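A look at the structure
Below, each chain spelled out in residue letters.
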Amino acid sequence: MTEKLDRDPVTAPGQPEGPDAPRPDPRRPGEAVFRGFAVGAGILILLILAAVAAFLLIQGAPALFADPAKLISQGYGEFLPWVLPYAFGTIWSAVLALLMAVPVSIGIALFISHYAPRRLAQPLGYVIDLLAAVPSVVFGLWGSMVLATAVQSLYAWLNAHLGFIPLFSGQVSGTGRTILTAAMVLATMVLPIITSLCREVFLQAPKLHEEAALALGATRWEMIKMAVFPFARPGIIAAVMLGLGRALGETMAVSMVLSGGRNITFQVLTSENPNSIAAQIAQNFAEAYGLKNNQLIAAGLVLFLITLVVNMIARWIVARRAEYSGAN
């Protein structure tokens, strides 16, 4: 006697997969509610993004199209030459932070996922995740009161022995509050984000691929290079770009640590440092009025565009690299 089984059309064996697979019945109440929430959330995000862009554009337009003479009379210059050093400082500090954070994050994630014993890996993962919950003002206090003082001797050594490299040339700052110190604080702040995402991606690597590599005589590191990294490369890129977005938008920690100005320089040990857009807005918005207020909002529009471009590039890289990974 053949027993008829009621199976979900999506999960039933023998059913086609992919675009030809039967869709869930929209007449079911649960399906309709979930679909409505998903569509509504997607539309809401787009509306919020459009509203933020419209606000920044409308409020910043008076400064974008103002007569440069009016801006100069209020202590500012023409918008593009004025905002360019701050945009440079934003990108430069974030890049320096990623150069320090990415190798450490990938190393910690690999240690937790493939090297550490289980009784050590789980608590270490919790500690890394807890770092992401520390407020940025705490990192700012630590950077300005502890780290800036501790690195002064290191900066003096770098300048004395590696001063021929443009990065370490110039007169060393006596306070330690340089863009390199700010980048160290940013690196500490983005490290738990990149580490957590990379760890989860490494744990999702196909176990059969890893076991096959080990069975063929590969060492653990060779197995990671052959089986884990190709699969995880898009995820690593996405994690790095997410950390970059976090570093680009950081405000309090940078404004508390960095003694910045309006200049463009690649020297990382001197007291003349470029400031970031977010820190510049936070430091001046309370006293701003008139065109000054509009120009700071226009600077926020530039920061919004920078983060938007970074996310678009990240999506393009991930989509391009996923085609060559073991993810599919």
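Residue positions are given per chain, counted from 1 along the sequence in the order it is written. Confidence filtering applies because this is a predicted model: local features only for residues at pLDDT of at least 70, side-chain atom pairs given and counted only at 80 or more, and all residues used for totals across whole chains, interfaces and linings. To obtain the side-chain values, all non-hydrogen atoms of the structure were used and water was disregarded.

A separate point is the overall build of the protein chain. A helix here means a DSSP run of H or I that spans at least four residues, while a strand means a run of E at least two residues long, and both kinds are numbered starting from the N terminus. The secondary structure content of the protein chain amounts to 12 helices and two strands. Counting from the amino terminus, the protein chain carries its helices and strands in the arrangement α-α-α-α-α-α-α-α-α-α-β-β-α-α. By residue count, 39% of the 328 residues in the protein chain fall in the buried class. A fraction of 76% describes how many contacts in the protein chain between residues 6 or more apart in sequence connect residues 24 or more apart. Note on areas: Shrake-Rupley, 1.4 Å probe, and residue coverage restricted to the protein chains presented here. Carbon and sulfur atoms make up 66% of the accessible area of the protein chain, which amounts to about 18,800 Å² in all. The buried label applies to any residue whose accessible area, calculated with a 1.4 Å probe on protein chains only, is under 20% of its type's maximum; exposed applies above 50%, and partly exposed to all values in between. What makes two residues a contact is simply this: any of their non-hydrogen atoms within 4.5 Å.

A separate point is the nonpolar core. Residues Ile 106, Cys 198, Phe 202, Ile 236, Val 268 and Ile 277 are the most contacted members of the largest nonpolar core, which totals 71 residues. For this core, the secondary structure elements donating two or more residues are α3 (79–115), α5 (136–150), α6 (152–162), α7 (179–203), α9 (220–249), α10 (252–257), α11 (277–284) and α12 (291–322). Apart from the residues lying within four places of it in its own chain, the contact partners of Ile 106 are Cys 198, Phe 202, Phe 229 and Ile 236. Residues Ile 112, Ala 116, Ile 128 and Leu 191 belong to the second largest nonpolar core, which totals five residues. Nonpolar cores are built from buried Ala, Val, Leu, Ile, Met, Phe, Trp, Tyr and Cys residues. Side-chain atoms within 4.5 Å join them into one set.

In this fold, Ser 113 is placed in helix α3. Identification of polar contacts relies on pairs of N or O atoms within 3.5 Å, with a donor-acceptor requirement for protein atoms, meaning one able to donate a hydrogen and the other able to accept it, and with residues adjacent in sequence counted only if both atoms are side-chain atoms. Here Ala 109 takes part through its backbone oxygen, which lies 2.8 Å from a polar atom of the side chain of Ser 113. In contact with Ser 113, other than residues within four places in its own chain, are Arg 199, Phe 202 and Leu 203.

For a helix, the expected span equals 1.5 Å multiplied by the residue count minus one. Here α5 spans 20 Å end to end across 15 residues, near enough to the 21 Å set by a 1.5 Å rise per residue. Within α5, burial applies to Phe 139, Gly 140, Gly 143, Leu 147 and Ala 148.

With that out of the way, let us pick up the environment of Asp 67. You can see Asp 67 is positioned in the loop between α1 (29–64) and α2 (68–73). Residue Asp 67 is classed as partly exposed on the basis of its relative accessible area of 43%. Sequence separation between Asp 67 and Glu 78 is 11 residues; the distance between their C-alpha atoms is 8.1 Å.

On to the packing of helix α4 (residues 118–131) against α7. Remark: α4 packs on α7, axes separated minimally by 7 Å, with the N-to-C direction vectors making an angle of 140 degrees. Comparing their axes, α7 and α4 come out oblique. Between α4 and α7 lies a crossing of left-handed hand. Judged by residue contacts, Gly 125, Ile 128, Asp 129 and Leu 131 of α4 engage Leu 191, Pro 192, Thr 195, Ser 196 and Arg 199 from α7. Looking at the contact of α4 with α7 residue by residue, the classes come out as four nonpolar, three polar and two charged. Each axis is a line fitted through C-alpha atoms, taken for helices only over the stretch in contact, and angles between the N-to-C directions span 0 to 180 degrees. Comment on the angle field: the value is read as roughly parallel under 35 degrees, roughly antiparallel over 145, roughly perpendicular from 65 to 115, and oblique elsewhere. The hand of a helix crossing depends on one turn: near helix anticlockwise from the far one by less than a right angle means left-handed, and clockwise means right-handed. Gly counts as polar in this scheme, as do all residues outside two lists: the nonpolar Ala, Val, Leu, Ile, Met, Phe, Trp, Tyr, Cys and Pro, and the charged Asp, Glu, Lys and Arg.

Our next topic: the environment of Ile 236. Examined against the element boundaries, Ile 236 turns out to sit in helix α9. A C-alpha to C-alpha distance of 9.1 Å links Ile 236 and Phe 202, two positions 34 residues apart in sequence. Excluding residues that lie within four positions of it along the chain, Ile 236 makes contacts with Ile 106, Cys 198, Phe 202 and Phe 229.

This next bit is on a nonpolar patch on the surface. The residues that make up patches have over 30% relative accessible area and no salt bridge, and they are joined within 9 Å when like-charged or within 5 Å when they are Val, Leu, Ile, Met, Phe, Trp or Tyr. Salt bridges are defined by distance alone: a side-chain nitrogen of Lys or Arg within 4 Å of a carboxyl oxygen of Asp or Glu. On the surface, Val 137, Val 138, Leu 141, Trp 142, Met 145, Val 146 and Met 252 cluster together into a nonpolar patch covering about 610 Å² of accessible area. It is α5 that contributes the most residues to the nonpolar patch, six residues altogether. With respect to the helices and strands, the residue Val 137 is situated in helix α5.

As enumerated under the stated definition, the model contains four salt bridges in all. Here Glu 200 and Arg 199 are joined by a salt bridge, their closest N and O atoms 3.3 Å apart. Residue classification places Arg 199 among the buried residues on the basis of a relative accessible area of 10%. Here the salt bridges share partners, and the residues they tie into one network are Asp 129, Arg 199 and Glu 200.

Turning to the packing of α3 against α7, a few remarks are in order. α7 packs onto α3 with a crossing angle of 40 degrees between their chain directions and a minimal axis gap of 6 Å. One element, α3, and the other, α7, form an angle in the oblique class. Two packed elements cross with a definite hand, and for α3 against α7 that hand is right-handed. Tallied by class, the residues present in the contact of α3 with α7 amount to 25 nonpolar, six polar and one charged.

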